[in-house]
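Given next are the chains, with one letter for each unit.
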Amino acid sequence: MKYWFGYLTAGIFGAITWVLLQFGEKFTTLVDMVYPYVIRTLQDYLAQWTSIVDYPVWQLLAVVLIVLVLTSLVLVVLLKRSLIQWLGWVLAVCSGIFMLHTMVWGLSYHAGDLAEDLRLDTGSYNLEELTEATEYYRDKAVELAALVKRDEQGNVDFADFEELAKAAGEGFRILTYEKHYPVFAGSRLPVKRLGWADMYTSMGITGFTMGITGEAAVNPQIPDVTLPFTMCHEMAHRMSIAGERDANFAAFLAAHVNESSEFQYSAYFMAYRYCYHALLRANTAESSAAAARVASLASPELQHDMDTYSEFFSSRRSEPATKIADTANDTYLKASGEESGLASYGEVCDLLVNWHYQQVVLPTLIGDEKPFDPLDENQVDLSGIVNAKEPEPTEPPENVGGVG
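Residues numbered from 1 in each chain as written. Predicted model: local features only at pLDDT ≥ 70, side-chain atom pairs only at ≥ 80, totals over all residues. Heavy atoms only, no water.

Draft legend 1. Highlighting the packing of helix 1 (residues 5-26) against helix 2 (residues 28-50). Between helix 1 and helix 2, the least distance of the axes is 5 Å, while the angle of their chain directions is 100 degrees. Put simply, helix 1 runs roughly perpendicular to helix 2. Each of Phe-23, Gly-24, Glu-25 and Lys-26 in helix 1 lies in contact with helix 2, whose residues at this interface are Thr-28, Leu-30 and Val-31. By residue class, the composition of the contact of helix 1 with helix 2 is 3 nonpolar, 2 polar and 2 charged. (Axes fitted to C-alpha atoms, helices over the stretch in contact; angles between N-to-C directions. Helix = DSSP H or I, 4+ residues; strand = E, 2+ residues; numbered from the N terminus. Parallel < 35°, antiparallel > 145°, perpendicular 65-115°, else oblique. Contact = heavy atoms within 4.5 Å. Nonpolar A, V, L, I, M, F, W, Y, C, P; charged D, E, K, R; others polar.)

Now the structure itself:
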């Protein structure tokens, strides 16, 4: 019986995790009311603790765990112990880690959508609206592309990693305390450099957030133009914004309100890129023509940055490594409640198009229109409504026969 204790423990941990995920899926409203607020506080405490060191603590723990597993395997072989029993305890440890992850962060996938917290309508849109949004983000990116610093080769030359990391939280501060969105009231501590960057670059991974240690980390090798956006993306994850679509949109909002032109350009560059690729994915004659028309008006600086971004990943990405990483990430996302899996990254275009309509297009349609006043006779027919208007003041009666 002792040979199966590890498997039994793994099964118990797995069952607890399954119950938690089922609870989150069934009672999303309850989870949304309580869980994110508790987790944001917990993540803040964890982030403060792990910020004592510059490198990601979870990577150090991962190395220790791997060494312990390999050492125990060698001892099992040398001492001729049961490999079956050893495997059971390895599964128990892995199952326990995933259970802990689900408790301290993973249920965030079952919290409400970010659009609901921001009161953003997310209705369907047509090709014309997508094209207009893409043109808007392109024009903003063109404007900002001319303002950021560049090197002799024309590549953007942003501030160093640590300086950008310190500035990333400013956008979330503005969203929380000036725009009054409490959903962003989480830890604004700087993100860390992701270790083993070469390995993550070969997999096409730009950042990683570990809820167990409250650490948000970014691959320092990615092109400068996307560094500020990615930093905000990983910070959003640490704020219990788990969905990739929502984290991307949070990154856009935080970067575009940041006073730094580097953050603003990164925000609009990525927004343009997501919407432009959405036009290409539509794969119709009309959408292809629209994409070509939009791209033809991109400035040389913007087009250079688009080409540099694509070339970086195509030249340094390993197909086998990327396939393994994408499969693992897609499986994890779907198991955690993200039904779209990897496709959820590109779904931010839905929010970007609707945000463009509500924040840019709609105000221009309203223009100088007079605000609605329910007591204004020019806007509302008040006839027949008792006490619809305040009574007119009357003159006091004259004193014609008073006592003298």
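Draft legend 2. Region of the structure containing the sheet that holds strand 3 (residues 215-218). Taken in spatial order, the 3 strands make up an open sheet running 1-3-2, and their pairing is mixed. Of all strands in the sheet, those bounded by a partner on one side alone are strand 1 (192-193) and strand 2 (207-210). Bridge count for strand 2 against strand 3 is 4 bridges, and the pairing is antiparallel. Within strand 3, the residue paired with Phe-208 across the bridge is Ala-217. Set on the sheet, helix 9 (residues 227-238) makes contact with strand 2 and strand 3; between it and strand 3 the angle comes to about 160 degrees. (Pairing = 2+ DSSP bridges.)

Draft legend 3. Molecular detail of the packing of helix 11 (residues 261-282) against helix 12 (residues 285-296). Between helix 11 and helix 12, the least distance of the axes is 7 Å, while the angle of their chain directions is 150 degrees. Regarding the angle of helix 11 to helix 12, the classification is roughly antiparallel. The handedness of the crossing between helix 11 and helix 12 comes out as left-handed. Contact residues: helix 11 offers Tyr-272, Tyr-276, Leu-279, Leu-280 and Ala-282, while helix 12 offers Ser-287, Ala-290, Ala-291, Val-294 and Ala-295. Partitioned by chemical class, the residues of the contact of helix 11 with helix 12 number 9 nonpolar, 1 polar and no charged. (Left-handed = near helix turned anticlockwise from the far one by under 90°.)

Draft legend 4. The arrangement of the environment of Val-348 in detail. Tracing the backbone shows Val-348 in helix 15 (residues 348-366). Of the residues examined, Val-348 reaches a relative accessible area of 1% and is grouped as buried. When the C-alpha atoms of Val-348 and Ala-250 are compared, they prove to be 9.6 Å apart, with 98 residues separating the residues in sequence. Non-local contacts of Val-348, meaning those with residues more than four positions away in its chain, are made with Arg-245, Asn-248, Phe-249 and Tyr-274. (Buried < 20%, exposed > 50% of the residue type's maximum accessible area, 1.4 Å probe, protein only.)

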